[in-house]
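Chain by chain, the residues run as shown.
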Amino acid sequence: MAPVTMIEAIREALDEEMQRDPAVVLIGEDIGVYGGAFKATEGLLAKYGWERVIDTPISETAIIGAAVGMSYQGLRPVAEMQFMDFIACCFNQMVNFVAKSHYRWGGPVPMVVRGPCGGGVHGGPFHSQNPEMWFVHTPGLKVVCPSTAYDAKGLLKSAIRDNNPVLCLEHKFLYRRVKEELPAEDYTVPIGKLAVRRTGRDLTIATYGAMTLHTLEAAEELAMEGIEAEVLDLRTLAPLDREGILESVRRTHKLLVVHEDVKTGGVAGEIAATVNEQAFEELDGPVLRVTSLDAPVPFSPPLEEHFLPQVADVTRAARELARY
Amino acid sequence: MELPEMKYPLSREQLLDLYYFMRLTRELDEQLVRLFRQNKVVGGLYSSIGQEATSVGTAYTLEKRDWMAPMIRNVGGLLVKGFRPRDILMQYMARSGSPTGGKDGTSHFGDLQERHVVSPISMLGDLIPVMTGVAMGGRYLGQKLVTMTWIGDGGTSTGAFHEGMNLAAAQRAPFVCVVENNQWAYSTPVARQVPLHDLAERARAYGIASYVVDGNDVVAVYQTTKEAVERARRGEGPALVESKTMRMKGHAQHDAAVYVPPEMFEYWKARDPIARYETWLTERKVWDKKTKAEIERRIERELKEELEFAENSPLPEPEVAERGVYCEGCHTIEARWERPIEQLQPPKASVQAAWTVSDFGGTNGGGAAAKAHAPEAAEETKPAAVAAKAAAVSTRGANGGTKRSARAAARPKRRR
Ligand SMILES: Cc1ncc(C[n+]2csc(CCOP(=O)(O)OP(=O)(O)O)c2C)c(N)n1
Ligand SMILES: [Mg+2]
């Protein structure tokens, strides 16, 4: 098997799920004839036809609304946001219709919303955002954010098979930068379980998405200085694998959280609070955060670089924590 | 008995059924007001008095396989689709036996499996794309169904309404949207919402069918909506049905509606849909006094039982608040296929992935403006007119000028 990129892995997941289950349909802007702005759905219209790959007007609210409606018919629609930033246009559908349907009246919504998020590609304030916490804060939604091609495929398959609405945040920086060989047979990655990407005894660094790459790079540098960091790739933000985080912290007694989302209201705060409540006695130092600045994502390269967490920020924070 | 010719014939039983549902809706409404005054209703209470013909007449066009989603003033539709007064009573009283077990109130409930009813959310407009999706999904499964929802005159101003109608139009979805034009959106008159006499005109911009109907004439409502429904069922695309009616109470119980000119209430009171239908049934000898009395007694008896049942339902256990945020195996998701699924899998499903473009989009000449359309502002939306009308409402009845403008508001506006 030749190695595949993350975007190819996503396409494979869609293709295989559509093949497996005719209840799976795709809906979004420019996903059919054009194959999607990032080509995630390329070739699927030709294969599955107009009824299963639905090009829509530029109407995010209608896309999500129609997907909800189709899911009430027992279908499993996968809606694409051309860029995750545009999910703000259908925020109401997401948080009021989709998220609350099962709780309020027992109307399950087995749909997926997927699309590219994140910065580092000079997309500017409206093509670079990380909107995960808007939705992590909304009970009823699941939120996944893979960092590898394997996970992108396995999590998307789990999302499609899940009876709940799942938001798949695919980091566009990773779409063509990560590559790996994937199993030939069908597999899924469970939603709600983190992955230990590197073991270490000195401190735990929890992260997800594109920051997993930066963090692993930082961990290698730290190892050369004799600091062994354990790197957790959260993979799912809702539901958060709190037990997995606590288990690691109980061994290393130190926790650093790294994310590309802005600092205030980012998931690091939630993780710090959880560790505080449930493993305070285990801690040998403060829970630290390395995040983006509390600002919109700026456009010009030096500004964006300053805005985003860099490898050096991670190593600096890790050294500081290791000293405790 | 001699029934008038109708394009979509209604039997005597069906005609009496329409009466039963309208009357039941109103009696239930009045029962809820009594409960509200006894402090047994939790939260606000919304009335559909005066709009029974719209709600019942439209919902009555649906078949069992069809889907609907009610708005706040569609208790009548819920009853037609098979929910019971107890369901609505318990929803308003927040009891454990209610369809949502106390998790939500009012008409915010549904039933995917049996009755095919989707629960609304409070945010106006969002049901339009959702019911478009239900229609698209049903068509995909091969079901010959139609979906329906309602929207108020005010709700048509939302972005979700527009996105949903436009998608329905682009998809030619078997979807019927009923605009319940009851002249008011909370305290805002319809002229301030949109400068059109007929909201149905909006349909033209979507390139879909539209109808305007006297919303207080249940037979007309049924006939018109049935036309739209059957058209959609045949695959001829969505439709917008504007039903002109009047909200005869305030927005909810707390609102005395002092902003509505009294003459307007009088105008519409004279057109009460239930009284009109009673006359209609009598004049055509569909019923006699005895039948009417029987229906009334039946409703009275049923409502008594329903109320007793509802009042005996306890408030929910507090821990219910924790349950059901996610589906953890409590539901089985199953699509009801009514077509061979091979059609949807390759190689049968495979297509040439290319657009067919036949219109290249030019104007073919025609000078500076090949087409022009510049309507004059309608009288009632000119800023001065609106200001004058607001003043008139606030000093209602104090002088002749005020009376005139109140009457003008009550008169159905003519298109120029
Ligand atoms: C998007 C949105 N904005 C505001 C409200 C608050 N609200 C509830 S009902 C209402 C008036 C609705 O008027 P209309 O659509 O004409 O329906 P009617 O009450 O007359 O049946 C308003 C403003 C809402 N529910 N949804
Ligand atoms: Mg209204």
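Up top is the structure these notes are about.
Description of the structure in this document. The structure presented is a predicted model; accordingly, all values stated were derived computationally and were not measured. Here the residue index of a chain counts from 1 through its sequence in written order. Ligands are numbered from 1 and chains lettered from A, in the order in which they are written. Restriction of local features to residues with pLDDT of at least 70 applies here, the model being predicted, together with a cutoff of 80 or more for giving and counting side-chain atom pairs; totals for whole chains, interfaces and linings are based on all residues. With hydrogens and water stripped out, all remaining heavy atoms of the structure feed into the side-chain values.

**What to know about the coordination of the magnesium ion (ligand 2)**
Residues and elements named next belong to chain B.
- Taken together, D153 (OD), N182 (OD1) and W184 (O) make up the full set of protein donors to the magnesium ion (ligand 2), lying 2.0 to 2.1 Å away.
- The sequence pattern describing where the donors of the magnesium ion (ligand 2) fall on their chain is D-x28-N-x1-W.
- Using a relative accessible area of 5% as the deciding quantity, one classes N182 as buried.
- Three exposure classes are used, based on accessible area relative to the maximum for each residue type with a 1.4 Å probe and protein chains only: buried under 20%, partly exposed in between, and exposed over 50%. The exposure class assigned to W184 is buried, which follows from its relative accessible area of 8%. Donor atoms: N, O and S within 2.8 Å of the metal, or within 3.2 Å for Na, K and Ca. Because water is excluded, sites can look incomplete.

**Structural notes on the pattern of salt bridges**
Residue and element names in this part refer to chain B.
- What counts as a salt bridge is simple: a side-chain nitrogen of Lys or Arg found within 4 Å of a carboxyl oxygen of Asp or Glu. Evaluation of the coordinates by the stated rule reveals 50 salt bridges over all chains.
- One salt bridge connects E306 with R84, and the closest N-O pair in it is separated by 3.1 Å. With a gap of 222 residues between them, E306 in helix α12 (residues 289-312) and R84 in the loop between α3 (75-80) and α4 (85-93) connect regions that are remote in the sequence.
- In this structure, E296 engages K292 in a salt bridge whose closest nitrogen and oxygen atoms are separated by 2.7 Å. Placement of both E296 and K292 in helix α12 is noted, with a separation of four residues, approximately one turn of the helix.
- Relative accessible area serves as the criterion here: at 26%, E296 is assigned to the partly exposed category.
- Judged by its relative accessible area of 24%, K292 is partly exposed. Strands here are runs of E lasting at least two residues and helices are runs of H or I lasting at least four, both read from the DSSP assignment and numbered beginning at the N terminus.

**Observations concerning the sheet that holds strand β3 (residues 175-181) of chain B**
Residues and elements named next belong to chain B.
- Any two strands with at least two DSSP bridges between them are considered paired. Taken in spatial order, the five strands make up an open sheet running β1-β2-β3-β7-β6, and their pairing is parallel. Each of the sheet's edge strands pairs with one partner strand only, and the pair in question is β1 (67-69) and β6 (209-214). Pairwise comparison of adjacent strand axes, ignoring direction, gives a mean angle of 20 degrees for this sheet.
- Relative to the sheet, helix α2 (residues 52-59) contacts β1, β2 (147-152), β3 and β7 (239-244), its axis offset from that of β2 by approximately 165 degrees.
- Any two residues whose heavy atoms approach within 4.5 Å at even a single point are treated as in contact. Whenever a helix is involved, its axis is fitted only over the stretch in contact; in every case the axis is a line through C-alpha atoms, and angles between N-to-C directions fall within 0 to 180 degrees. Across the sheet, helix α5 (residues 127-141) is in contact with β1, β2 and β3; its angle to β2 comes to roughly 170 degrees.

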